[in-house]
Amino acid sequence: MHTVLGLWRWRHNPLRRTTDLAEAWTAFAALLLICLVAPAVGWVSGAATESALQRTARIQHEQRHAVTAQATGPARGREAESRDPEASAEHRLREPIAARWTAPDGTERTGVVTVARHSVEPGDTFRVWTDDRGRPVDRPMDADTVRDHAVLAGIGVAVGFAGLVEVARRLVVGQLTRRRYAHLDQEWARAGPDWGRTGADS
């Protein structure tokens, strides 16, 4: 922005170089892309992400069912490990527990589910989510989760697009700077041998 305003003030100055004009237009184009196009791209990406996640959430709500389970005791040995191989990452928040529940088809099921740590004791009842076959699954996404993911996706795409624009601007400015210095070297090569000589018009 500073480059654009600075060049506008001395756009008719005879000392203005072609590379200065190109650099200013590059900065102006980058400014428009970052201020106008990046938000639009982010919004479109967020809207597309939200639409896709809403479809996924609808499918999950159709295929997943909330049932009441009863805790039968702590999970032991290989049973606990096979239920959640990544449990160590959430060890301080959740824990596996053995439970039984009735599947949507009416059959009795037993298995290991994860609950908030120390929130369920043997004999307590709690809600779990299962698929059509009665197997434990994660809770389906709700509207807030869909919206949060869509917003984050939109912001990420907008910031990424703006970053790419800035990288492109810097590459163009770097190329213009190299051309400017190359031109100065050529001018100096012509004027250098006669520099300071009497009558050399230098």
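Scroll up a little and you will see the structure.
All values reported here derive from a predicted model rather than from experimental measurement.

Time to look at helix α2 (residues 18-63). With 46 residues, α2 extends 64 Å from end C-alpha to end C-alpha; this agrees with the ideal 68 Å at 1.5 Å per step. Of all the bends in α2, the greatest, near 35°, is centred on Val37, and the proline Pro39 appears no more than four residues after it.

Two elements, strand β2 (residues 94-102) and strand β3 (residues 108-116), share nine bridges in a ladder whose sense is antiparallel. The partner of Trp101 across the bridge, within β3, is Arg109. The loop that links β2 with its antiparallel partner β3 comprises five residues; one of these, Gly106, has a positive phi angle of about 95°.

Membership of the largest hydrophobic core is limited to 11 residues, which are Val67, Ala69, Ala71, Ile97, Ala99, Trp101, Val113, Val115, Val120, Phe126 and Val128. Secondary-structure elements contributing two or more residues to this core are β1 (65-74), β2, β3 and β4 (125-130).

Its volume calculated, the largest pocket comes out at about 430 Å³. Taken together, 16 residues form the lining of the largest pocket, with Arg94, Thr114, Trp129, Val137 and Arg139 sitting closest to its centre. At the level of secondary structure, the elements contributing two or more residues to the lining of the largest pocket comprise β3 and β4.

Definitions and cut-offs
- Residues numbered from 1 in each chain as written.
- Predicted model: local features only at pLDDT ≥ 70, side-chain atom pairs only at ≥ 80, totals over all residues.
- Heavy atoms only, no water.
- Helix = DSSP H or I, 4+ residues; strand = E, 2+ residues; numbered from the N terminus.
- Expected span 1.5 Å × (residues − 1).
- Bend = angle between axes of the 7 residues up to and from the residue.
- Pairing = 2+ DSSP bridges.
- Core = buried A, V, L, I, M, F, W, Y, C linked by side-chain atoms within 4.5 Å.
- Buried < 20%, exposed > 50% of the residue type's maximum accessible area, 1.4 Å probe, protein only.
- 1 Å grid on protein atoms, 1.4 Å probe; cavity = no way out; pocket = protein on both sides within 12 Å on 5 of 7 lines; lining within 4 Å.
- Points joined across faces, edges and corners; volume = space filled by probe spheres on them.

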